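The primary structure of each chain is shown beneath.
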Amino acid sequence: MNGISDAEFIEGAFIQEGVSPVAGIIIAACTIGDDYDNPKNRIGVRKQDVWLEFGLSAEAILSVDAATDGSAYVLGENGSVVRFDWKSPTTREALKASRKPFANAAVGNIGPLRRIRILGDDVICAGSVGQVYRLLGDRFETLPKLSVGNQDVTIEDIAGSSRSDMVAVTSDGYAAHFDGTSWAVLDLPSNASLTSICRLDNGHYAIAGKNGTVLIGVADQWSIVQPIDTRRSYWGVAAYNDQIYAAHLAGVDKVAGQTLIALDIEEADLQFTVLRSSTEGVWSFAERTIGLIRDDQWQTIMK
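Residues numbered from 1 in each chain as written. Predicted model: local features only at pLDDT ≥ 70, side-chain atom pairs only at ≥ 80, totals over all residues. Heavy atoms only, no water.

A. Spotlight on the sheet that holds strand β7 (residues 81-85). A sheet is described by the order of its strands in space; here four strands give the open sequence β5-β6-β7-β8, paired in antiparallel fashion. Each end of this open sheet is capped by a strand with a single partner; those strands are β5 (61-66) and β8 (100-102). Each neighbouring strand pair of the sheet contributes to a mean axis angle of 20°, computed without reference to strand direction. As judged from the five bridges shared by strand β6 (residues 71-76) and β7, these two strands associate in the antiparallel manner. In the strand pairing of β7, S71 is matched with D85. (Pairing = 2+ DSSP bridges. Helix = DSSP H or I, 4+ residues; strand = E, 2+ residues; numbered from the N terminus. Axes fitted to C-alpha atoms, helices over the stretch in contact; angles between N-to-C directions.)

The structure is reproduced here in structure tokens:
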């Protein structure tokens, strides 16, 4: 396997998002440098403690998701999606050869996309003016746009079981459920800007956002978790073994009943943004650090 080390992979890179589809596999999507006119990206798959990686250019990569069958997808802000095989390749050349790009021409005239998620058998991406697409074969199916009171909203994250059962959260403070035909705005006990959502094993959802906001519920039955500090902005939320965690820049908090408690993470100079659920625990991806939370214990995997 002609892989590279953690240090080589992360050199010059900024982790935008990551995912662990099965135990022992980490996938990270990174931007390289700060040339916004000619953005560069690095996509990596960590196997057996080494990285296989390939590069992408032309637009900044913002989001990544992967399924247990070996398929993975990265999303560029201008709407392009690149599918690749994380499971079979054992060399960088084979990983690079597995790539297949899909262009979404409509996005350039509408607004950038922000998130891609695999919901059941559906690959869904959504963006900055409420636009939502499903990658269907080699083309994009345009789904009904999310708007509230005839006003555009910015979708920050999506979660669910399929295109016919998904929830989107917006920076405008709204969450909405899509049933395959239309959107229904949910009655939340908060109007704070929302940033992240995850689906729980019982079919409910956890939502995180600004002003120390963490919400748990489904449909129009939601409870608000007592915040530690309303000045905190949560950027990620994920769950493992019925434990829900929310990340703010300086740390990670855990839902304990109807309150939040801070995890004891002793390492200094770490940042926290993206959290992703997995079979091993909750993975954290931020800046140049990847870590794992399990049984309320933090383990740094790389930095």
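From this point, things continue past the structure.
B. Up close: the pairing of strand β25 (residues 251-256). For β25, the buried fraction is high: five of the six residues fall into the buried class. One ladder, built from four bridges, connects strand β24 (residues 243-248) with β25; its direction is antiparallel. Bridge pairing in β25 places H248 opposite G251. Taking the residues that link successive antiparallel strands as the turn, the β24-β25 hairpin has two residues. Two strands pair when backbone bridges link them, and β25 and strand β26 (residues 259-262) are joined in this way by four bridges, in the antiparallel orientation. Pairing of A256 across the sheet is with T259, part of β26. (Buried < 20%, exposed > 50% of the residue type's maximum accessible area, 1.4 Å probe, protein only.)

C. Inspection of the pattern of salt bridges at higher detail. Applying the stated rule across the entire model yields 18 salt bridges. Across the pair R46 and D49 runs a salt bridge, and its minimum N-O distance is 3.6 Å. With a relative accessible area of 57%, D49 lands in the exposed category. Between R114 and E156 there is a salt bridge whose closest N-O contact spans 3.2 Å. Highlighted residues: R114 in strand β9 (residues 113-119) and E156 in strand β15 (residues 155-162), separated in sequence by 42 residues. Looking at R114, the relative accessible area reads 31%, which means it is partly exposed. Take E156: its relative accessible area is 15%, and that puts it in the buried class. Here the salt bridges share partners, and the residues they tie into one network are E17, D65, R115, R117, D157 and R276. (Salt bridge = Lys/Arg side-chain N within 4 Å of Asp/Glu carboxyl O.)

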